[in-house]
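# Coordinate inspection notes
Below, each chain spelled out in residue letters.
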Amino acid sequence: MTINIQSVHFDADKKLIDFTNEKVGKLTTFFDGVINSGVILRLDKNANNENKIAEIKMNSKGHEFFAKKQCASFEEAIDQTCEALRTQLKKHKEKVNAH
C-alpha cells in the first residue's frame, strides 16, 4: 500500500512521518484490499489548543474510506483517525465476507 503524507502550514518532522506511516500501515491488517492512502496533516488557524487536524483517505477497489479528527497533538489526531478507519474497514470486511 502506498501512503502519501502532506503537511499543510508546517513541515512535518521525520518522527511524525514515521509515526503516521506506522499507524496507517497497520490498518491493512483489518482489510487487505486497500490500495493507497492519503494523509493530510493541517494546522487550523483557531486560537484554542486543539488545532491539529489529521485527515486520512484510503482507497480500495470500488470503495473509499475517510476519517478526519481534530486534537491537541498530531499523534492524538492520527490515533483517533486510525481508530475511526479501523471501524470502517472492519465493517466493510464483514460485509464483503458475508456475501
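Our structure is the block above this text.
Residues numbered from 1 in each chain as written. Predicted model: local features only at pLDDT ≥ 70, side-chain atom pairs only at ≥ 80, totals over all residues. Heavy atoms only, no water.

## Some remarks on unusual backbone geometry
- Of note, the phi angle at His9 is positive, near 70 degrees, even though the residue is not glycine.
- By the element assignment, His9 lies in the loop between β1 (2–8) and α1 (14–26). (Helix = DSSP H or I, 4+ residues; strand = E, 2+ residues; numbered from the N terminus.)

## Section: the packing of aromatic side chains
- Within the structure shown, the criterion is met by 2 aromatic pairs.
- Measuring from ring centre to ring centre gives 4.7 Å for Phe10 and Phe74, while their planes differ by 15 degrees; the resulting arrangement is stacked. Taken together, the positions of Phe10 in the loop between β1 and α1 and Phe74 in helix α2 (residues 74–98) put the pair 64 residues apart, joining distant regions of the chain.
- Judged by centre distance (6.2 Å) and plane angle (65 degrees), the rings of Phe31 and Phe65 are edge-to-face. On the criterion of sequence distance, the pair formed by Phe31 in the loop between α1 and β2 (34–43) and Phe65 in strand β4 (residues 63–71) is long-range, its members being 34 residues apart.
- Exposure remark for Phe65: the relative accessible area of 1% places this residue in the buried category. (Phe/Tyr/Trp six-rings, centres within 6.5 Å; stacked < 30°, edge-to-face > 60°. Buried < 20%, exposed > 50% of the residue type's maximum accessible area, 1.4 Å probe, protein only.)

## A closer look at the environment of Ile53
- Structurally, Ile53 can be placed in strand β3 (residues 52–60).
- Along the backbone, Ile53 and Ile3 are 50 residues apart, and their C-alpha atoms lie at a distance of 17 Å.
- Ignoring any residue separated from it by four or fewer positions in sequence, one finds Ile53 in contact with Ile40, Leu41, Arg42, Asp44, Lys68, Lys69, Gln70 and Phe74. (Contact = heavy atoms within 4.5 Å.)

## Looking at the nonpolar core
- If you look at the biggest cluster of nonpolar residues, it comprises 21 residues, and the most contacted ones within it are Leu16, Leu41, Ile56, Met58, Leu85 and Leu89.
- Mapped by element, the contributors of at least two residues to this core are α1, β2, β3, β4 and α2.
- Per element, the largest residue contribution to this core is 6 residues, and it comes from α2.
- If sequence neighbours within four positions are ignored, Leu85 has contacts with Leu27, Ile56, Met58, Phe65, Phe66 and Ala67. (Core = buried A, V, L, I, M, F, W, Y, C linked by side-chain atoms within 4.5 Å.)

As far as function goes, none of this settles anything; it's purely spatial.
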